[in-house]
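Survey of secondary and tertiary structure
The primary structure of each chain is shown beneath.
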Amino acid sequence: MELIWNELALERVIYSGTAQALVEGSLPLPEGRAISEVLSASGKVDVTESSVEHGIVSIAGDIMIELICSGDGVFAFSSKASFRHTISAEGAVRGMTAQVFPALQTIDVTLENGIPSLSAVIDLRLRVTDQSPVRMLEGISGADDIEKKTEQLCVSNFNPLITYVARLRNEIDAPFAAAVLHSEVTAMIREIHSDGSSVTIDGTLSVSALIRGKDGMLSQLTQNIPFSEALDEATPMEVFGTVTITSHDMRASEDFGLVVVETQLSIALFVCSNSTITLTADAFSPSMPFACTQNRMQVCTSRETVTHRHSLSESIMVPSGMPEIQRMVYACARPLITSQVIEDGMLAVEGLFFTRILYTAESGRMYAFSEDIPFSLSLPAGDATEAMLSACATVSASGSGKSVDANYVITIFATLYRDDPVYLVNGIDEHVENRPMHGIIVYYAGAGETLYDVAKRFCTSRARLRGVVTDLDESLEEGQRIVFLN
(Lines give C-alpha, C1' and ligand atoms only; values in the text may rest on other atoms or scores of the structure.)
Protein backbone atom coordinates (compact mmCIF):
# COMPACT_ATOMS: atom_id res chain seq x y z
CA MET A 1 0.00 0.00 0.00
CA GLU A 2 1.17 3.54 -0.74
CA LEU A 3 0.64 6.16 1.92
CA ILE A 4 -0.38 9.67 0.94
CA TRP A 5 1.05 12.36 3.22
CA ASN A 6 0.30 16.01 3.86
CA GLU A 7 2.61 18.54 5.52
CA LEU A 8 1.12 20.97 8.00
CA ALA A 9 2.55 24.24 9.33
CA LEU A 10 1.86 23.83 13.04
CA GLU A 11 3.79 25.48 15.83
CA ARG A 12 4.29 22.98 18.66
CA VAL A 13 5.22 23.57 22.28
CA ILE A 14 8.24 21.40 23.06
CA TYR A 15 9.13 22.71 26.50
CA SER A 16 7.68 25.16 28.99
CA GLY A 17 9.20 25.92 32.38
CA THR A 18 10.81 28.44 34.71
CA ALA A 19 14.38 28.67 35.98
CA GLN A 20 16.24 31.09 38.22
CA ALA A 21 19.59 32.78 37.67
CA LEU A 22 21.75 34.45 40.31
CA VAL A 23 23.63 37.57 39.22
CA GLU A 24 26.36 38.97 41.48
CA GLY A 25 29.16 41.50 41.14
CA SER A 26 30.35 45.01 41.90
CA LEU A 27 28.93 48.08 40.18
CA PRO A 28 31.16 50.92 38.95
CA LEU A 29 30.64 54.31 40.58
CA PRO A 30 30.23 57.53 38.60
CA GLU A 31 33.49 59.41 38.43
CA GLY A 32 34.07 61.66 41.40
CA ARG A 33 31.24 60.19 43.46
CA ALA A 34 31.33 58.43 46.83
CA ILE A 35 28.45 56.54 48.44
CA SER A 36 27.66 56.49 52.13
CA GLU A 37 24.22 54.80 51.79
CA VAL A 38 22.16 53.14 49.07
CA LEU A 39 18.69 54.65 49.51
CA SER A 40 16.93 52.78 46.70
CA ALA A 41 17.79 50.09 44.16
CA SER A 42 15.46 49.08 41.35
CA GLY A 43 15.94 47.45 38.01
CA LYS A 44 14.61 45.54 35.04
CA VAL A 45 15.87 42.61 33.00
CA ASP A 46 16.52 42.61 29.26
CA VAL A 47 17.22 39.31 27.46
CA THR A 48 19.54 40.06 24.54
CA GLU A 49 20.19 36.56 23.20
CA SER A 50 18.73 33.05 23.36
CA SER A 51 19.86 29.97 21.44
CA VAL A 52 18.69 26.37 21.41
CA GLU A 53 20.97 23.36 21.33
CA HIS A 54 20.31 19.70 22.05
CA GLY A 55 18.48 19.63 25.39
CA ILE A 56 19.53 23.10 26.53
CA VAL A 57 18.72 26.77 25.97
CA SER A 58 21.48 29.36 26.44
CA ILE A 59 20.37 32.83 27.53
CA ALA A 60 22.27 36.11 27.79
CA GLY A 61 21.03 39.45 29.02
CA ASP A 62 21.47 42.51 31.21
CA ILE A 63 20.04 43.82 34.44
CA MET A 64 19.54 47.56 34.11
CA ILE A 65 19.95 48.97 37.63
CA GLU A 66 18.76 52.36 38.91
CA LEU A 67 20.32 53.52 42.18
CA ILE A 68 19.49 56.46 44.43
CA CYS A 69 22.33 57.08 46.88
CA SER A 70 23.49 59.52 49.50
CA GLY A 71 27.05 60.69 49.84
CA ASP A 72 28.03 64.18 48.87
CA GLY A 73 24.35 64.99 48.71
CA VAL A 74 21.68 62.75 47.19
CA PHE A 75 22.32 61.56 43.65
CA ALA A 76 21.15 58.84 41.29
CA PHE A 77 22.88 56.84 38.58
CA SER A 78 22.30 53.89 36.28
CA SER A 79 24.40 50.78 35.93
CA LYS A 80 24.28 47.46 34.12
CA ALA A 81 25.16 43.89 35.05
CA SER A 82 25.38 41.25 32.31
CA PHE A 83 24.57 37.59 32.82
CA ARG A 84 24.56 34.24 31.03
CA HIS A 85 22.51 31.20 31.99
CA THR A 86 21.63 27.79 30.56
CA ILE A 87 18.36 25.94 31.11
CA SER A 88 17.84 22.22 30.56
CA ALA A 89 14.93 21.84 28.13
CA GLU A 90 13.96 18.25 27.33
CA GLY A 91 13.15 17.75 23.65
CA ALA A 92 14.82 20.97 22.50
CA VAL A 93 17.11 20.77 19.46
CA ARG A 94 18.91 23.30 17.29
CA GLY A 95 16.60 25.21 14.96
CA MET A 96 13.75 25.53 17.45
CA THR A 97 12.61 28.89 18.81
CA ALA A 98 13.10 29.96 22.42
CA GLN A 99 10.93 32.70 23.92
CA VAL A 100 12.23 34.00 27.25
CA PHE A 101 10.16 36.14 29.59
CA PRO A 102 12.38 37.50 32.40
CA ALA A 103 11.36 38.97 35.73
CA LEU A 104 13.48 40.42 38.50
CA GLN A 105 12.72 38.32 41.56
CA THR A 106 15.00 40.08 44.08
CA ILE A 107 17.58 42.85 43.93
CA ASP A 108 19.92 43.79 46.74
CA VAL A 109 22.72 46.36 46.57
CA THR A 110 25.08 46.63 49.50
CA LEU A 111 28.28 48.62 50.08
CA GLU A 112 31.61 46.84 50.34
CA ASN A 113 34.44 49.27 51.05
CA GLY A 114 32.37 52.05 49.51
CA ILE A 115 31.72 50.07 46.29
CA PRO A 116 28.13 48.97 45.53
CA SER A 117 27.81 45.19 45.24
CA LEU A 118 24.86 43.61 43.45
CA SER A 119 23.07 40.38 44.29
CA ALA A 120 19.98 39.70 42.17
CA VAL A 121 17.80 36.70 41.36
CA ILE A 122 16.08 36.54 37.97
CA ASP A 123 13.10 34.38 37.05
CA LEU A 124 13.41 33.13 33.45
CA ARG A 125 10.17 31.75 32.07
CA LEU A 126 10.88 29.78 28.92
CA ARG A 127 8.84 28.43 26.01
CA VAL A 128 10.54 26.37 23.32
CA THR A 129 8.51 25.85 20.16
CA ASP A 130 9.08 23.96 16.91
CA GLN A 131 7.80 25.47 13.66
CA SER A 132 9.12 22.84 11.24
CA PRO A 133 6.45 21.16 9.05
CA VAL A 134 4.57 18.17 10.50
CA ARG A 135 3.77 15.10 8.38
CA MET A 136 0.20 13.76 8.61
CA LEU A 137 -1.49 10.81 6.88
CA GLU A 138 -3.92 12.08 4.25
CA GLY A 139 -4.94 8.78 2.61
CA ILE A 140 -3.88 5.35 1.33
CA SER A 141 -3.66 4.53 -2.35
CA GLY A 142 -6.03 1.67 -3.19
CA ALA A 143 -8.05 1.98 0.01
CA ASP A 144 -11.12 3.69 -1.38
CA ASP A 145 -13.19 2.79 1.66
CA ILE A 146 -10.85 4.44 4.18
CA GLU A 147 -12.60 6.00 7.16
CA LYS A 148 -10.89 8.87 8.95
CA LYS A 149 -11.44 10.42 12.35
CA THR A 150 -10.75 14.12 11.95
CA GLU A 151 -10.51 17.09 14.26
CA GLN A 152 -10.91 20.75 13.39
CA LEU A 153 -8.20 23.03 14.75
CA CYS A 154 -8.83 26.78 14.67
CA VAL A 155 -5.54 28.63 14.24
CA SER A 156 -5.07 32.35 14.88
CA ASN A 157 -1.87 34.08 13.88
CA PHE A 158 -0.86 37.66 14.62
CA ASN A 159 1.09 38.78 11.59
CA PRO A 160 3.25 41.94 11.77
CA LEU A 161 2.05 44.93 9.74
CA ILE A 162 4.11 47.96 10.74
CA THR A 163 6.82 48.81 13.24
CA TYR A 164 6.77 52.54 13.81
CA VAL A 165 9.20 54.73 15.79
CA ALA A 166 7.56 57.71 17.50
CA ARG A 167 9.47 60.54 19.17
CA LEU A 168 7.47 62.46 21.74
CA ARG A 169 8.30 65.70 23.54
CA ASN A 170 6.18 66.76 26.48
CA GLU A 171 6.46 69.65 28.93
CA ILE A 172 5.30 69.51 32.55
CA ASP A 173 4.80 72.68 34.57
CA ALA A 174 7.30 72.55 37.44
CA PRO A 175 8.44 76.08 38.44
CA PHE A 176 10.12 74.65 41.56
CA ALA A 177 12.39 72.17 39.67
CA ALA A 178 16.13 72.70 39.34
CA ALA A 179 17.25 69.20 38.33
CA VAL A 180 15.89 65.73 37.64
CA LEU A 181 17.95 63.22 39.63
CA HIS A 182 16.11 60.05 38.63
CA SER A 183 13.17 59.25 36.33
CA GLU A 184 11.04 56.34 35.18
CA VAL A 185 8.67 56.35 32.20
CA THR A 186 6.27 53.59 31.17
CA ALA A 187 3.89 53.46 28.20
CA MET A 188 0.70 51.67 27.28
CA ILE A 189 -1.71 51.69 24.34
CA ARG A 190 -5.31 52.45 25.27
CA GLU A 191 -7.02 52.22 21.88
CA ILE A 192 -6.24 51.70 18.21
CA HIS A 193 -8.63 53.06 15.56
CA SER A 194 -8.42 52.15 11.88
CA ASP A 195 -10.69 53.28 9.04
CA GLY A 196 -8.89 51.12 6.48
CA SER A 197 -6.74 53.93 5.04
CA SER A 198 -5.20 55.32 8.25
CA VAL A 199 -4.69 54.26 11.84
CA THR A 200 -4.58 56.21 15.11
CA ILE A 201 -2.86 54.96 18.25
CA ASP A 202 -3.93 56.51 21.57
CA GLY A 203 -1.88 55.79 24.66
CA THR A 204 -0.56 57.03 27.97
CA LEU A 205 2.91 57.76 29.31
CA SER A 206 3.32 57.42 33.08
CA VAL A 207 6.16 59.52 34.49
CA SER A 208 7.73 59.35 37.94
CA ALA A 209 10.80 61.42 38.84
CA LEU A 210 12.93 62.47 41.79
CA ILE A 211 13.31 66.24 41.56
CA ARG A 212 15.75 68.56 43.30
CA GLY A 213 14.08 71.89 43.82
CA LYS A 214 15.62 75.36 43.56
CA ASP A 215 15.68 75.43 47.34
CA GLY A 216 17.68 72.16 47.39
CA MET A 217 14.80 70.08 48.70
CA LEU A 218 13.94 66.73 47.09
CA SER A 219 10.43 65.75 46.00
CA GLN A 220 8.61 63.39 43.68
CA LEU A 221 6.91 64.38 40.44
CA THR A 222 4.32 62.00 38.93
CA GLN A 223 2.31 62.62 35.80
CA ASN A 224 0.15 60.69 33.30
CA ILE A 225 0.61 62.11 29.81
CA PRO A 226 -1.74 61.11 26.97
CA PHE A 227 -0.33 60.71 23.48
CA SER A 228 -1.81 60.10 20.05
CA GLU A 229 -0.03 58.99 16.88
CA ALA A 230 -1.68 58.95 13.43
CA LEU A 231 -0.31 56.92 10.50
CA ASP A 232 -1.47 57.19 6.89
CA GLU A 233 -1.23 53.46 6.31
CA ALA A 234 -3.74 51.08 4.74
CA THR A 235 -4.63 48.57 7.45
CA PRO A 236 -7.50 46.20 8.21
CA MET A 237 -10.28 47.60 10.36
CA GLU A 238 -9.22 45.45 13.34
CA VAL A 239 -5.60 46.06 14.29
CA PHE A 240 -3.66 45.09 17.41
CA GLY A 241 -0.51 46.70 18.75
CA THR A 242 2.24 46.85 21.36
CA VAL A 243 4.42 49.73 22.53
CA THR A 244 7.95 49.68 23.95
CA ILE A 245 10.00 52.58 25.30
CA THR A 246 13.42 52.41 23.63
CA SER A 247 14.84 55.52 25.32
CA HIS A 248 13.78 58.49 27.39
CA ASP A 249 15.30 61.69 28.75
CA MET A 250 13.86 63.92 31.46
CA ARG A 251 15.38 67.25 32.44
CA ALA A 252 14.51 70.49 34.18
CA SER A 253 14.31 73.75 32.24
CA GLU A 254 14.70 76.32 35.01
CA ASP A 255 14.37 79.35 32.77
CA PHE A 256 10.89 78.31 31.69
CA GLY A 257 9.72 76.54 34.86
CA LEU A 258 9.28 73.23 33.06
CA VAL A 259 10.34 69.61 33.18
CA VAL A 260 10.87 68.33 29.63
CA VAL A 261 10.21 64.65 28.84
CA GLU A 262 11.55 63.28 25.56
CA THR A 263 10.60 59.70 24.78
CA GLN A 264 11.24 57.37 21.87
CA LEU A 265 8.62 54.67 21.38
CA SER A 266 8.59 51.59 19.19
CA ILE A 267 5.00 50.80 18.18
CA ALA A 268 4.34 47.45 16.50
CA LEU A 269 1.01 46.81 14.76
CA PHE A 270 -0.37 43.36 14.00
CA VAL A 271 -3.31 41.87 12.14
CA CYS A 272 -5.00 38.63 13.13
CA SER A 273 -5.60 35.92 10.53
CA ASN A 274 -7.81 32.93 11.33
CA SER A 275 -7.89 29.57 9.60
CA THR A 276 -9.22 26.08 10.23
CA ILE A 277 -7.04 23.01 9.73
CA THR A 278 -8.45 19.50 9.44
CA LEU A 279 -6.33 16.97 11.32
CA THR A 280 -6.36 13.19 10.80
CA ALA A 281 -6.45 11.74 14.30
CA ASP A 282 -7.15 8.09 13.33
CA ALA A 283 -8.10 5.97 10.32
CA PHE A 284 -9.12 2.44 9.31
CA SER A 285 -10.34 0.53 6.25
CA PRO A 286 -12.99 -2.23 6.32
CA SER A 287 -11.21 -3.99 3.45
CA MET A 288 -7.55 -3.37 4.23
CA PRO A 289 -6.26 -4.28 7.71
CA PHE A 290 -3.87 -1.81 9.37
CA ALA A 291 -3.48 0.12 12.61
CA CYS A 292 -2.48 3.73 12.90
CA THR A 293 0.39 5.09 14.96
CA GLN A 294 -0.26 8.49 16.46
CA ASN A 295 1.86 11.44 17.45
CA ARG A 296 0.60 13.49 20.38
CA MET A 297 1.68 17.11 20.31
CA GLN A 298 0.87 20.42 21.96
CA VAL A 299 -0.07 22.84 19.20
CA CYS A 300 0.48 26.51 19.98
CA THR A 301 -1.36 29.42 18.39
CA SER A 302 -0.75 33.06 19.26
CA ARG A 303 -3.35 35.38 20.70
CA GLU A 304 -3.12 39.12 21.17
CA THR A 305 -0.95 40.92 23.71
CA VAL A 306 -3.30 42.41 26.29
CA THR A 307 -2.39 45.53 28.29
CA HIS A 308 -4.25 46.18 31.51
CA ARG A 309 -3.86 49.07 33.96
CA HIS A 310 -5.05 48.79 37.54
CA SER A 311 -4.95 51.24 40.46
CA LEU A 312 -4.99 50.58 44.17
CA SER A 313 -4.22 52.38 47.40
CA GLU A 314 -2.56 51.10 50.54
CA SER A 315 -1.69 52.48 53.96
CA ILE A 316 1.89 51.70 55.03
CA MET A 317 3.24 52.12 58.54
CA VAL A 318 6.76 53.32 59.31
CA PRO A 319 8.68 50.42 60.90
CA SER A 320 9.04 50.42 64.65
CA GLY A 321 12.19 52.16 65.81
CA MET A 322 12.35 54.60 62.91
CA PRO A 323 11.56 58.30 63.41
CA GLU A 324 8.32 59.85 62.26
CA ILE A 325 7.86 61.35 58.82
CA GLN A 326 8.29 65.09 58.63
CA ARG A 327 8.14 65.20 54.79
CA MET A 328 7.77 62.55 52.09
CA VAL A 329 10.54 62.57 49.48
CA TYR A 330 10.15 59.68 47.05
CA ALA A 331 8.50 56.28 46.56
CA CYS A 332 9.11 53.56 44.00
CA ALA A 333 7.65 50.09 43.51
CA ARG A 334 8.78 47.00 41.64
CA PRO A 335 5.96 44.53 40.93
CA LEU A 336 6.56 40.78 41.10
CA ILE A 337 3.92 38.36 39.83
CA THR A 338 3.70 35.33 42.12
CA SER A 339 0.81 33.39 40.55
CA GLN A 340 -1.43 33.41 37.49
CA VAL A 341 -4.43 31.30 36.50
CA ILE A 342 -6.72 31.40 33.45
CA GLU A 343 -10.30 30.35 34.17
CA ASP A 344 -13.55 31.12 32.33
CA GLY A 345 -11.87 33.52 29.93
CA MET A 346 -10.24 35.61 32.68
CA LEU A 347 -6.62 35.79 33.74
CA ALA A 348 -6.29 36.12 37.53
CA VAL A 349 -2.96 37.58 38.67
CA GLU A 350 -1.51 37.86 42.15
CA GLY A 351 1.75 39.45 43.20
CA LEU A 352 3.69 41.83 45.40
CA PHE A 353 4.80 45.44 45.15
CA PHE A 354 8.31 45.69 46.54
CA THR A 355 7.98 49.27 47.76
CA ARG A 356 10.75 51.64 48.82
CA ILE A 357 9.86 54.79 50.77
CA LEU A 358 12.23 57.77 51.22
CA TYR A 359 11.42 60.51 53.72
CA THR A 360 13.02 63.13 55.94
CA ALA A 361 12.55 63.26 59.69
CA GLU A 362 12.26 66.36 61.86
CA SER A 363 16.05 66.33 62.23
CA GLY A 364 16.39 66.88 58.46
CA ARG A 365 18.08 63.52 57.96
CA MET A 366 16.79 61.24 55.18
CA TYR A 367 15.54 57.74 55.99
CA ALA A 368 14.42 54.85 53.81
CA PHE A 369 12.50 51.63 54.41
CA SER A 370 10.89 48.85 52.36
CA GLU A 371 7.48 47.21 52.48
CA ASP A 372 5.97 44.35 50.45
CA ILE A 373 2.37 45.08 49.42
CA PRO A 374 0.22 42.27 47.96
CA PHE A 375 -2.04 42.86 44.97
CA SER A 376 -4.52 40.88 42.90
CA LEU A 377 -6.31 41.71 39.66
CA SER A 378 -7.92 40.08 36.66
CA LEU A 379 -8.00 40.82 32.94
CA PRO A 380 -9.75 39.27 29.93
CA ALA A 381 -7.96 36.33 28.31
CA GLY A 382 -10.48 35.21 25.66
CA ASP A 383 -9.94 31.56 24.74
CA ALA A 384 -6.24 31.59 25.71
CA THR A 385 -4.87 28.81 27.90
CA GLU A 386 -1.42 30.26 28.62
CA ALA A 387 -0.05 33.73 29.36
CA MET A 388 3.45 35.14 29.58
CA LEU A 389 3.42 38.23 31.78
CA SER A 390 5.50 41.28 32.48
CA ALA A 391 4.61 44.23 34.64
CA CYS A 392 5.70 47.73 35.60
CA ALA A 393 4.37 50.07 38.26
CA THR A 394 4.49 53.63 39.52
CA VAL A 395 3.63 54.79 43.01
CA SER A 396 3.06 58.16 44.58
CA ALA A 397 3.02 58.60 48.33
CA SER A 398 2.06 61.17 50.93
CA GLY A 399 2.14 61.00 54.67
CA SER A 400 3.29 62.27 58.02
CA GLY A 401 3.91 60.83 61.43
CA LYS A 402 3.96 57.05 61.26
CA SER A 403 1.66 56.53 58.24
CA VAL A 404 2.17 56.63 54.47
CA ASP A 405 -0.67 56.67 51.93
CA ALA A 406 0.64 54.96 48.78
CA ASN A 407 -1.21 55.05 45.45
CA TYR A 408 -0.10 52.41 42.96
CA VAL A 409 -0.68 52.12 39.22
CA ILE A 410 0.36 48.77 37.76
CA THR A 411 0.44 47.96 34.06
CA ILE A 412 0.31 44.27 33.09
CA PHE A 413 1.48 43.14 29.64
CA ALA A 414 0.11 39.66 28.88
CA THR A 415 1.25 37.77 25.78
CA LEU A 416 -1.50 35.19 25.31
CA TYR A 417 -1.36 31.75 23.71
CA ARG A 418 -3.70 28.87 23.17
CA ASP A 419 -2.14 25.43 23.58
CA ASP A 420 -4.23 22.49 22.29
CA PRO A 421 -3.25 18.82 22.67
CA VAL A 422 -3.85 17.04 19.35
CA TYR A 423 -3.20 13.58 17.88
CA LEU A 424 -1.96 13.12 14.32
CA VAL A 425 -1.58 9.87 12.37
CA ASN A 426 2.11 9.67 11.52
CA GLY A 427 2.37 6.04 10.39
CA ILE A 428 0.60 2.67 10.09
CA ASP A 429 1.25 -0.89 11.14
CA GLU A 430 0.31 -3.31 8.33
CA HIS A 431 0.70 -6.45 10.48
CA VAL A 432 -2.83 -6.34 11.85
CA GLU A 433 -5.59 -8.89 11.28
CA ASN A 434 -9.06 -7.79 10.34
CA ARG A 435 -11.77 -10.04 11.80
CA PRO A 436 -15.15 -8.32 11.55
CA MET A 437 -18.18 -9.66 13.40
CA HIS A 438 -20.99 -10.99 11.17
CA GLY A 439 -24.73 -11.19 11.69
CA ILE A 440 -27.37 -8.92 13.15
CA ILE A 441 -25.72 -6.62 15.68
CA VAL A 442 -27.51 -4.66 18.38
CA TYR A 443 -25.20 -2.08 19.92
CA TYR A 444 -25.68 0.54 22.61
CA ALA A 445 -23.32 3.52 22.42
CA GLY A 446 -21.06 4.27 25.36
CA ALA A 447 -20.42 7.69 26.86
CA GLY A 448 -18.58 9.95 24.42
CA GLU A 449 -18.62 7.45 21.55
CA THR A 450 -18.95 8.60 17.96
CA LEU A 451 -20.23 6.95 14.82
CA TYR A 452 -16.58 6.54 13.76
CA ASP A 453 -15.86 4.56 16.95
CA VAL A 454 -18.75 2.15 16.25
CA ALA A 455 -17.78 1.73 12.58
CA LYS A 456 -14.17 0.96 13.54
CA ARG A 457 -15.23 -1.49 16.29
CA PHE A 458 -17.27 -3.55 13.82
CA CYS A 459 -15.04 -2.90 10.78
CA THR A 460 -17.76 -1.33 8.67
CA SER A 461 -18.36 2.09 7.16
CA ARG A 462 -20.28 5.01 8.58
CA ALA A 463 -22.24 5.19 5.32
CA ARG A 464 -23.45 1.65 5.92
CA LEU A 465 -24.57 2.45 9.44
CA ARG A 466 -26.40 5.54 8.23
CA GLY A 467 -28.01 3.43 5.51
CA VAL A 468 -29.68 1.42 8.28
CA VAL A 469 -30.44 4.29 10.66
CA THR A 470 -30.77 7.41 8.55
CA ASP A 471 -30.81 9.96 11.38
CA LEU A 472 -27.49 8.97 12.98
CA ASP A 473 -25.25 11.91 13.90
CA GLU A 474 -21.50 11.65 14.27
CA SER A 475 -21.79 12.28 18.03
CA LEU A 476 -23.87 9.58 19.72
CA GLU A 477 -25.82 9.79 22.94
CA GLU A 478 -24.94 7.41 25.73
CA GLY A 479 -27.15 4.32 25.48
CA GLN A 480 -28.28 5.12 21.91
CA ARG A 481 -29.42 1.87 20.20
CA ILE A 482 -28.03 0.91 16.79
CA VAL A 483 -29.21 -2.24 14.97
CA PHE A 484 -27.54 -3.29 11.72
CA LEU A 485 -26.54 -6.30 9.64
CA ASN A 486 -22.81 -6.79 9.30
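The paragraphs below set out a description of the structure included in this document.

What counts as what
Residues numbered from 1 in each chain as written. Predicted model: local features only at pLDDT ≥ 70, side-chain atom pairs only at ≥ 80, totals over all residues. Heavy atoms only, no water. Helix = DSSP H or I, 4+ residues; strand = E, 2+ residues; numbered from the N terminus. Polar contact = N/O pair within 3.5 Å; in protein donor to acceptor, adjacent residues only side chain to side chain. Contact = heavy atoms within 4.5 Å. Core = buried A, V, L, I, M, F, W, Y, C linked by side-chain atoms within 4.5 Å. Buried < 20%, exposed > 50% of the residue type's maximum accessible area, 1.4 Å probe, protein only. Pairing = 2+ DSSP bridges. Axes fitted to C-alpha atoms, helices over the stretch in contact; angles between N-to-C directions.

**A look at the side chain of Thr355**
On the secondary structure map, Thr355 appears in strand β17 (residues 346-360). Of note is the side chain of Thr355, whose polar atom sits 2.7 Å from the side chain of Tyr408. In this structure Thr355 touches Ile316, Cys332, Ala333, Phe369, Ser370, Glu371, Ile373 and Tyr408, once residues within four positions along its chain are discounted.

**Topic: the nonpolar core**
Core analysis: the largest hydrophobic core is formed by 34 residues, its most contacted members being Leu347, Phe353, Tyr359, Phe369, Leu379 and Tyr408. Broken down by secondary-structure element, the contributors of at least two residues to this core are β15 (291-317), β16 (327-343), β17, β18 (366-380), β19 (386-400) and β20 (403-429). The greatest single-element share of this core, amounting to seven residues, is contributed by β20. Excluding its chain neighbours within four sequence positions, the residues that come into contact with Tyr408 are His310, Ser311, Leu312, Glu314, Ile316, Ala333, Phe353, Thr355, Ile373, Thr394 and Val395. Within the second largest apolar cluster, 33 residues are counted, among which are Val52, Ala89, Ala120 and Val128.

**Regarding the sheet that holds strand β4 (residues 56-71)**
Sheet architecture is open: three strands sit in the order β3-β4-β5, paired in antiparallel fashion. On the outer flanks of this sheet lie β3 (35-53) and β5 (73-88), each paired with one strand and no other. When strand polarity is set aside, the average angle formed by the axes of neighbouring strands in this sheet is 15 degrees. Pairing between β4 and β5: 16 bridges, direction antiparallel. Along β5, the bridge assignment pairs Ile59 with His85.

**A short note on unusual backbone geometry**
In this structure, Asn113 is a non-glycine residue whose phi angle is positive, near 55 degrees. Residue position: Asn113 is located in the loop between β6 (97-112) and β7 (115-130). With phi around 55 degrees, Asp344 is a residue other than glycine that occupies positive phi space. Summarising the element assignment, Asp344 is placed in the loop between β16 and β17.

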